[in-house]
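Working through the structure, step by step
Now for the letters of each chain:
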Amino acid sequence: DIKEIRPTSLGLTPSIWNHLYKEYLSKIAGTVSNADREQVAREMRNNLGGRLVIGTTGGGSISPTVVSFIRHQLKIDVADMYGCRECGNIARNG
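Along each chain, numbering runs from 1 in the same order as the chain's sequence is written. Owing to the predicted nature of the model, reporting of local features is limited to residues with pLDDT of at least 70; listing and counting of side-chain atom pairs is limited to 80 or more, with chain, interface and lining totals taken over all residues. Side-chain measures were taken over the full set of non-hydrogen atoms in the model, leaving aside hydrogen atoms and water.

**Side note on the packing of helix H2 (residues 14-28) against helix H3 (residues 34-47)**
Packed helix pairs are characterised by how far apart their axes lie and by the angle those axes make with each other. With axes taken as lines fitted to C-alpha atoms, and helix axes fitted only over the stretch in contact, angles between N-to-C directions fall between 0 and 180 degrees. To qualify as a helix, a DSSP run of H or I must reach at least 4 residues; to qualify as a strand, a run of E must reach at least 2; elements of each kind are numbered from the N terminus. Interhelical geometry of H2 versus H3 gives an angle of 140° and a closest axis separation of 10 Å. Between H2 and H3, the crossing angle belongs to the class labelled oblique. Of the two possible hands of crossing, H2 and H3 adopt the one that is right-handed. Two secondary-structure elements touch here, H2 through Leu20, Glu23, Tyr24, Lys27 and Ile28 and H3 through Arg37, Val40, Ala41 and Met44. Roughly parallel here means an angle under 35 degrees, roughly antiparallel means over 145, roughly perpendicular means 65 to 115, and every remaining angle is called oblique. Less than a right angle of anticlockwise turn of the near helix away from the far helix marks a crossing as left-handed, whereas a clockwise turn marks it as right-handed. Two residues form a contact once any of their heavy atoms are found within 4.5 Å.

Next comes the structure, spelled out in structure tokens:
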């Protein structure tokens, strides 16, 4: 379980990052307070172990909106890795 392992770096596919973003949107639906939104993001960070600072994504495209969410709400520095499925990462964006 990620919460128990408490990683500092994690590589996920865009579909998993998208799932986290949709989960966040679902939890903040109807919320007007920034404090409530920050609390939801804090809980999500804690569910990812609470120490995650670096993330990667690859194997498909990821939207700029989701990347912004990862960086600004989850506070994870994420890099989009190009060519990681084909040849083990040939370029990096971020």
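**Quick word on the environment of arginine 71**
With respect to the helices and strands, arginine 71 occurs in helix H4 (residues 64-72). Along the backbone, arginine 71 and valine 53 are 18 residues apart, and their C-alpha atoms lie at a distance of 9.4 Å.

**A short note on the packing of aromatic side chains**
Any pair of Phe, Tyr and Trp rings, taking the six-membered ring for Trp, is counted once the centres come within 6.5 Å. Such a pair is stacked with planes under 30 degrees apart, edge-to-face with planes over 60 apart, and tilted for the rest. Under the criterion given, the structure shown has two aromatic pairs. Ring geometry for tyrosine 21 and phenylalanine 69: centres 5.2 Å apart, planes at 55°, overall tilted. One end of the pair, tyrosine 21, is in helix H2; the other, phenylalanine 69, is in helix H4, with 48 residues separating them in the sequence. The interplanar angle of 40° and the centroid separation of 5.0 Å between the aromatic rings of tyrosine 24 and phenylalanine 69 together place this pair among those described as tilted. One end of the pair, tyrosine 24, is in helix H2; the other, phenylalanine 69, is in helix H4, and 45 residues separate them in sequence. When sorted by exposure, tyrosine 24 lands in the same class as phenylalanine 69, which is buried. Throughout this description, buried means an accessible area under 20% of the type-specific maximum (1.4 Å probe, protein chains only), exposed means over 50%, and partly exposed covers the range between.

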